[in-house]
Amino acid sequence: MSANQIQPKLIIHGGAGGHIRSEKGEATVRKALHTVVEEVYELLSFRGSALDAVVMGCQLLENQPIFNAGTGSVLQSDGQIRMSAALMDGARQRFSGVINVSRIRHPIEVAKFLQGDDDRVLSDYGANELLRELNIPMYDPLVEIRLKEWIQERDENFDKSMAGVVAEEALIHEPRKGTIGVVALDNKGKIAAGTSTGGKGLERIGRVSDSAMPAGNYADASAGVSCTGIGEDIMEECLAAKIVIRVTDGMSLQDAMEKSIAESRSRNRDLGAIAIAADGTICWGKTSEVILAAYHDGQEIGDTINWNNSELLGSKTPFN
Ligand code: GLY
């Protein structure tokens, strides 16, 4: 790496919620997250752009059936899967996304296409029309365990407010929140953020997720953030945009995260966020018990899976 090049940074998440109780579940999540970090960081280290890295990371996470995005998405109250995703290019401060799209492998792919369109956020009917226009093949993202989860909930009259964050037998009935997200800083110093979700699970038809809003996914030249947790909580905090704007206005990323998460906690919100600033700081925060995140700081891969329950945030500051 030459002297004027920036050390790329990467952080990804697979949701937030209660602790993973089984060792098997923990090992599965860790392996999935670390594999994605490794692959995406390779792209960044070969001068890939932050935007390409974020799209690639979201696609790899959408492929993982354990996470609630793409394959493995949760079912809504009517037993259908509707997914949402957003992409934000920090350098151009450009946001694009899809809301409640069906029968597609990679919702983030549509958000990527819309980066170049005049109409940058499409919902259900229009988003599905665009899939046909782009000849994107039909794909059923349903996995058996999510169907089982839904059937169990139906038998219990849908008394739970949210489906499981990760699709694992032992985790059915755990209060968890799923989403996937990626934030990257490339070697030109550009930042991008992407988020993709199957939603809360068991929600009313037409419910809109935070993941395809600036509240849940935001970036500019100074920082990028992807959120996870209960969408309504994230929207009411306007969390992603708030953290980024605090950094833009001069706060350090750690301070911006700490203040925003503390405010969320004081209002009993259930959420988490990952972030990177232009100075290379990587940061994560949560009000829920755990945030399932992993990062590459240019030297090593780390994760937050066993991260202390009581802490509000953690960070990795740049070493160069
Ligand atoms: N954060 C994902 C959702 O609530 O839809």
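Scope of this entry: the structure provided in the associated data block. (Residues numbered from 1 in each chain as written. Predicted model: local features only at pLDDT ≥ 70, side-chain atom pairs only at ≥ 80, totals over all residues. Heavy atoms only, no water.)

Let's talk about the packing of helix 2 (residues 50-63) against helix 3 (residues 107-114)
Put simply, helix 2 and helix 3 touch, their axes get as near as 8 Å, and they point 160° apart. Accordingly, the angle class assigned to the pair helix 2 and helix 3 is roughly antiparallel. Across the interface between the two elements, Val 55, Cys 58, Gln 59 and Glu 62 from helix 2 touch Pro 107, Ile 108, Glu 109 and Lys 112 from helix 3. Its residues assigned to classes, the contact of helix 2 with helix 3 shows four nonpolar, one polar and three charged. (Axes fitted to C-alpha atoms, helices over the stretch in contact; angles between N-to-C directions. Helix = DSSP H or I, 4+ residues; strand = E, 2+ residues; numbered from the N terminus. Parallel < 35°, antiparallel > 145°, perpendicular 65-115°, else oblique. Contact = heavy atoms within 4.5 Å. Nonpolar A, V, L, I, M, F, W, Y, C, P; charged D, E, K, R; others polar.)

Let's talk about the site of the ligand
With respect to spatial proximity, the complete set of residues near the ligand consists of Thr 179, Thr 197, Gly 199, Lys 200, Arg 207, Ser 209, Asp 210, Ser 211, Gly 229, Ile 230 and Gly 231. Between the ligand and Thr 179, the relevant distance is 3.4 Å, taken from a nitrogen atom to a side-chain nitrogen or oxygen of the residue. A distance of 2.7 Å separates a nitrogen atom of the ligand from a polar side-chain atom of Asp 210. When the free accessible area of the ligand is taken as 200 Å², the share hidden by the protein chains comes to 100%. (Near = heavy atom within 4 Å. Polar contact = N/O pair within 3.5 Å; in protein donor to acceptor, adjacent residues only side chain to side chain. Areas by Shrake-Rupley, 256 points an atom, 1.4 Å probe, with all protein chains shown as cover.)

Section: the packing of aromatic side chains
Under the definition given, this model contains two aromatic pairs. Look at Trp 284 and Tyr 295: their rings are 5.1 Å apart centre to centre, the planes differ by 15°, and that puts the pair in the stacked class. Here the residue Trp 284 occupies a position in strand 11 (residues 282-286), and Tyr 295 occupies one in strand 12 (residues 290-296), the gap between them amounting to eleven residues. Their ring planes at 80° and their centres at 5.9 Å tell us that Trp 284 and Trp 307 sit as a pair that is edge-to-face. Of this pair, Trp 284 sits in strand 11 while Trp 307 sits in the loop between strand 13 (301-303) and strand 14 (313-316); the two residues are 23 residues apart in sequence, bridging distant segments of the chain. Given the relative accessible area of 6%, Trp 284 is considered buried. An aromatic cluster is present here, built from Trp 284, Tyr 295 and Trp 307 joined pairwise through their rings. (Phe/Tyr/Trp six-rings, centres within 6.5 Å; stacked < 30°, edge-to-face > 60°. Buried < 20%, exposed > 50% of the residue type's maximum accessible area, 1.4 Å probe, protein only.)

Topic: the environment of Arg 94
Looking at where Arg 94 falls in the secondary structure, it is placed in strand 3 (residues 94-101). Note: C-alpha distance between Arg 94 and Thr 317 (223 residues apart in sequence) is 27 Å. Among the polar contacts listed, one links the side chain of Arg 94 to the backbone oxygen of Gln 115, at a separation of 3.0 Å.

Overview of the packing of helix 1 (residues 23-45) against helix 2
With their axes 9 Å apart at the nearest point, helix 1 and helix 2 run at an angle of 155° to one another. As the angle between them shows, helix 1 and helix 2 are arranged roughly antiparallel. Where helix 1 crosses over helix 2, the handedness of that crossing is right-handed. Listed contacts from helix 2 to Leu 33, Val 36, Glu 39, Val 40, Leu 43 and Leu 44 of helix 1 are Ala 50, Asp 52, Ala 53, Met 56, Gly 57, Leu 60 and Leu 61. Per-class residue counts for the contact of helix 1 with helix 2 are ten nonpolar, one polar and two charged. (Left-handed = near helix turned anticlockwise from the far one by under 90°.)

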